[in-house]
Amino acid sequence: MTSSPASFRSASPEELAVALQDARHYTLSLFDQFAAAGYDTLTRVPHIRTINPPLWELGHLAWFAEWYILREATSSHPAAAHGSSLLTRGDDWFDSNTVPHRTRWALDLPSPGAIRTYCREVLDRALDKLTRTPHSNAALYPYRLALAHEDMHGEAFLYTMQTIGVEPPRDALLPQHGVAQREIAYPGGTLAMGSDPHGPFAFDNEKPPHEVCVPAFAIDASLVTNAQYQDFIDDGGYQNARWWSAAGKAWLMQQERSSPRYWARTGDGWSLRRFGHTGVPAPYEPVRHVNLFEAQAWCAWAGRRLPAEAEWEFAATSRIPGFRWGQLWEWTATPFEPYPGFTPDRYLEYSEPWFMTHQSLRGGSFATPGRLLSPRFRNFYMPERDDIFCGFRSCAL
C-alpha cells in the first residue's frame, strides 16, 4: 500500500475544513455528469434497488451534514435534532430512515438549482461553525462523520455511473496497474482488532478493542486478476455446480449468469463495459464486479479460500512488505457481525440492522478517497452485490 492523504479520523479543524470543501467539490462534479446525461431529473433515472436518484442523493448529503453539525443531533432518531431544516420539508425529503427507497423517485423535490443552493448554505454554515469548534475528538466527531458520509456517497455516485452508463469526470478514475502474482506467508499471532471508543474517530462496528488469535496463514500479495478469473470461466466454472455453495447455486439459477457482470463473449474472446464504454479485459488488472458467490466459486475451483476478516487485517497491518491493497474492496470469508461489546453510535442504523445478513469487505477501491482508507475499515454488502467496486484475493487451504 502506497502512502495516502492524512486520515479523516484524526483530522484537525483546519484539515477538516479543506477536506469538507474537497468532498463537496467532488460530489458536485459527479452530479454535473449526471445532469449532463439528463439524470438530474427523477423521472429519467432507472428504478434500480442498488442506486438512488442523484438529485435525492445530493440533497441527502447536505441534509445529513445539517442534521449532525448544524442541528447537533444526538442520534439518528427523528426527534434527536435541534430546530428545523433550512428546507421547509428537508426531513420529509431526505431522512433515509423515514423515506423508503422505492419512494425516492416520486418525491416533490426542489429543483437542482435549489438543492445546490441548499448544499452551499449548509457547507458555509458548517465551515463557519467549525472555526469555533474545539480541537477535541468529541467536538469534531460530527464533522468527521459528515465527511466520511459524503466520501462514501461520492463512491456510490461513481458506481451508480457504472450501473447506468454515465461517463465520470476524467480525474475521477485511476489506472489499475497489473502486479506480479505471489503469496506471502504470515506466522500468525495475536491481533489487536477494534478501536478505542475515546480515541480518534472510529465507526461503531470497529469498536470496542479486543484481541483475536490468528493462526499461521498464506495469502495472495495482490488481487485475483482478469486472466486468472477467465481461466475459471473458460474451464466451465459457471456451469459446474461442484464449485458453488448452495446459496451461490441459487443465485446462479436466478441470474442465468455465465460470466461476471459487465463481461460479454465476443467470438473467441471477451469484452467488458466500463462507464458506458466497451473494452477488452486487461489480463493483469484485478477482476472487478464479482460477488461473494463468484469469489467463493473461483476459490473452490482453484483449491484456495477467501481470507477471514482477521487474516486480512493481520496482513494489512503487518510489517512484512508486499501486501498490496486499496484497488478494489475485497470480499472476506467473514459475515458482517458485531465485535464483542458492540454498542451503536449516533448514526444508529449505520451497522446494527445489517449484522449477519451482509458480508464483510476490507480494503478500499480506486474510487475511495485516500483519507478514508484504513486497514481497520469494515465495509459490508449483501453477498449478491456485484455493482460495487469489489474483487478478492485468496489464501492457501
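Computed from a prediction, not measured in an experiment: that's the story for all the values here.

A count of helical and extended segments in the protein gives 9 helices and 13 strands. The C-alpha atoms of the protein give 21 Å as radius of gyration, which agrees with the globular expectation for 397 residues (21 Å, within 12%). Based on the C-alpha atoms only, the size of the protein along its principal axes is roughly 60 × 50 × 35 Å. Contacts in the protein between residues far apart in sequence, at least 24 positions, make up 76% of those at least 6 positions apart. Just so you have it, the protein exposes about 17000 Å², and 53% of that area is on carbon and sulfur atoms. When the 36 positive and 44 negative side-chain charges of the protein are each reduced to one mean point, those points stand 1 Å apart.

Quick look at the environment of Q296 now. Mapped onto the elements of the fold, Q296 is located in helix α8 (residues 292–302). With 37 residues separating them in the primary sequence, Q296 and A333 have C-alpha atoms 8.5 Å apart. Not counting residues within four places of it along the chain, the set of residues in contact with Q296 comprises W243, S245 and L306.

Another aspect to go through is the side chain of K207. Its location among the elements puts K207 in the loop between β2 (189–193) and β3 (210–214). Residue class for K207 comes out buried when judged on its relative accessible area of 12%. Reaching out from K207, the side chain makes a polar contact with the side chain of D345 at a distance of 2.8 Å.

Here helix α6 (residues 226–234) crosses α8 at 80 degrees, and the two axes come no closer than 10 Å. With respect to α8, the axis of α6 lies roughly perpendicular. Between α6 and α8, the residues in contact are Q228, Y229, D231 and F232 and E294, A297, W298 and W301, respectively. Looking at the contact of α6 with α8, its residues break down into 5 nonpolar, 1 polar and 2 charged.

Mapped onto the secondary structure, P260 falls in the loop between α7 (246–255) and β5 (263–266). On the basis of relative accessible area, P260 is assigned to the buried category, the value being 1%. Separated by 135 residues in sequence, P260 and R125 have C-alpha atoms that sit 45 Å apart. Aside from chain neighbours lying at most four places away, what touches P260 is Y229, I233, Y238, H289, V290 and E294.

This part takes up the pattern of salt bridges. Across all of its chains, the model carries 23 salt bridges by this definition. Residues participating in the shared-partner salt-bridge network are E309, E313, R362, R376 and R378.

Below, the discussion takes up the sheet that holds strand β7 (residues 277–279). One key point about sheets: their strands pair by backbone hydrogen bonds, in either a parallel or an antiparallel sense. The sheet built from 3 strands is open, its strands ordered β5-β6-β7 with antiparallel pairing. Single-partner strands in this sheet number two, and they are β5 and β7. Along the sheet, successive strands turn relative to each other by an average axial angle of 30 degrees, direction set aside. Relative to strand β6 (residues 269–274), β5 runs antiparallel, the two sharing 4 bridges. Pairing of A264 across the sheet is with S271, part of β6.

Here the focus is the sheet that holds strand β9 (residues 329–335). With respect to topology, 4 strands assemble into an open sheet ordered β11-β10-β9-β12, the strand pairing being mixed. Looking at the sheet topology across the chains shown, the edges are occupied by β11 (379–381) and β12 (390–391). Taken together, the 3 bridges between strand β10 (residues 359–363) and β11 define a ladder with antiparallel strand orientation. Counted as the bridge partner of L361 is N379 from β11. The strands touched by helix α9 (residues 309–317) within the sheet are β9 and β10, with β10 carrying the most contacts at an inclination of about 10 degrees.

In this section: α9. Along an α-helix, residues three or four apart share an orientation, since each turn contains 3.6 residues. Of all 9 residues in α9, 8 are buried; the element is thus mostly enclosed. Among all positions of α9, only E309, A310, E311, W312, E313, F314, A315 and A316 are buried.

A separate point is the pairing of β6. The hairpin formed by β5 and β6 contains 2 residues between the paired strands, and G267 there has a positive phi angle of roughly 65 degrees. Between β6 and β7, which pair antiparallel in sequence order, lie 2 residues; one of them, F275, sits at a positive phi of approximately 50 degrees.

Procedures and definitions
Residues numbered from 1 in each chain as written. Predicted model: local features only at pLDDT ≥ 70, side-chain atom pairs only at ≥ 80, totals over all residues. Heavy atoms only, no water. Helix = DSSP H or I, 4+ residues; strand = E, 2+ residues; numbered from the N terminus. Rg over C-alpha atoms; globule rule 2.2 N^0.38 Å. Contact = heavy atoms within 4.5 Å. Areas by Shrake-Rupley, 256 points an atom, 1.4 Å probe, with all protein chains shown as cover. Lys, Arg positive; Asp, Glu negative; His and termini not counted. Charge placed at Lys NZ, Arg CZ, Asp CG, Glu CD. Buried < 20%, exposed > 50% of the residue type's maximum accessible area, 1.4 Å probe, protein only. Polar contact = N/O pair within 3.5 Å; in protein donor to acceptor, adjacent residues only side chain to side chain. Axes fitted to C-alpha atoms, helices over the stretch in contact; angles between N-to-C directions. Parallel < 35°, antiparallel > 145°, perpendicular 65-115°, else oblique. Nonpolar A, V, L, I, M, F, W, Y, C, P; charged D, E, K, R; others polar. Salt bridge = Lys/Arg side-chain N within 4 Å of Asp/Glu carboxyl O. Pairing = 2+ DSSP bridges.

Such coordinate-based values are descriptive only and should not be taken to indicate function.
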